[in-house]
Amino acid sequence: MASVQEAVDVDVPIRVAYDQWTQFESFPKFMGGVERITQIDETRTHWVTNIDGVEREFDAEITEQHPDERVAWTSTGGDAKHAGVVTFHRLADDRTRVMIQIDWEPHGLVEKAGAALGFDDRQVKADAKRFKEFIESRGTETGAWRGDVPRPDQQ
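Quick caveat, the model's predicted, so the values are computed rather than measured.

K.L.:
Go over the pattern of salt bridges, please, and point to the residues and values.
P.N.:
Where charged atoms of side chains with opposite charge meet at close range, the side chains can pair. Inspection of every chain in the model, using the stated rule, returns ten salt bridges. Glu-6 is the salt-bridge partner of Lys-125, the closest N and O atoms lying 3.3 Å from each other. One end of the pair, Lys-125, is in helix H3 (residues 119–138); the other, Glu-6, is in strand E1 (residues 2–10), with 119 residues separating them in the sequence. Note on Lys-125: relative accessible area 47%, which makes it partly exposed. Of the residues examined, Glu-6 reaches a relative accessible area of 17% and is grouped as buried. Three or more residues are tied together by salt bridges with common partners; here these are Asp-9, Asp-11, Arg-95 and Arg-97.

What follows is the structure, given as structure tokens:
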């Protein structure tokens, strides 16, 4: 299992940063390799990615979500096995730290080599930078979902 962590400070209020992160269908605008995300329902998404010519499709489920605090997910089927969490931390009224942690299972020699050489770390760092540029250039979110999804052990 490979893992990467990244933090980025964005010059928007915590609500704006969090609300934008709940708009999964906008991820291709700032995430490299993400071609399309379809929101199936409040907790399930379908992803299509293409990274270095390797196309993958998979479903993911939101496992925990609390407005202005965190979004956690895990893949539930398809070509990619991964999980992650994004947390939001108020630094000031108009500044937020977004912390990203992603764990995944690389497949095949090329993906394992890429993970070992840090290509995945660089991709997440670049995606975080593009998220910062995207949300700061807009100044507002493209939409919002303010629902709460408790962890399965808290239901």
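Next, the rest of the story.
K.L.:
Quick rundown of the sheet that holds strand E5 (residues 70–78)? Include the residues and the values.
P.N.:
Reading across the sheet, the seven strands line up as E1-E7-E6-E5-E4-E3-E2 and stay open at both edges, with antiparallel pairing between neighbours. With partners counted over all chains shown, the strands left at the sheet margins are E1 and strand E2 (34–39), one partner each. Between one strand and the next, the sheet's axes are offset by a mean angle of 20°, whatever the strand orientation. By the bridge criterion, five bridges tie E5 to strand E6 (residues 82–92) in an arrangement that is antiparallel. By the bridge assignment for E6, Trp-73 is matched with Gly-84. Docked against the sheet, helix H1 (residues 14–21) engages E1, strand E4 (54–66), E5, E6 and strand E7 (95–104), running at close to 165° with respect to E6.

K.L.:
Can you tell me about unusual backbone geometry, naming the residues and giving the values?
P.N.:
If you check the backbone angles, Asp-68 has positive phi at about 65° while not being a glycine. Tracing the chain through its elements places Asp-68 in the loop between E4 and E5.

K.L.:
Which residues make up the packing of aromatic side chains, and what values do they have?
P.N.:
Tallying each qualifying case throughout the model produces ten aromatic pairs. For the pair Phe-27 and Phe-30, a centre-to-centre distance of 5.3 Å together with 55° between the ring planes defines the contact as tilted. Among the residues examined, Phe-27 registers a relative accessible area of 2% and is labelled buried. A centroid spacing of 5.6 Å and a plane angle of 40° characterise the contact between Phe-30 and Phe-134, whose relative ring orientation is tilted. Linking Phe-30 in the loop between H1 and E2 with Phe-134 in helix H3, this pair joins segments that are 104 residues apart in sequence.

Rules and cut-offs
Residues numbered from 1 in each chain as written. Predicted model: local features only at pLDDT ≥ 70, side-chain atom pairs only at ≥ 80, totals over all residues. Heavy atoms only, no water. Salt bridge = Lys/Arg side-chain N within 4 Å of Asp/Glu carboxyl O. Helix = DSSP H or I, 4+ residues; strand = E, 2+ residues; numbered from the N terminus. Buried < 20%, exposed > 50% of the residue type's maximum accessible area, 1.4 Å probe, protein only. Pairing = 2+ DSSP bridges. Axes fitted to C-alpha atoms, helices over the stretch in contact; angles between N-to-C directions. Contact = heavy atoms within 4.5 Å. Phe/Tyr/Trp six-rings, centres within 6.5 Å; stacked < 30°, edge-to-face > 60°.

Everything listed here is a matter of geometry and, on its own, says nothing about what the molecule does.
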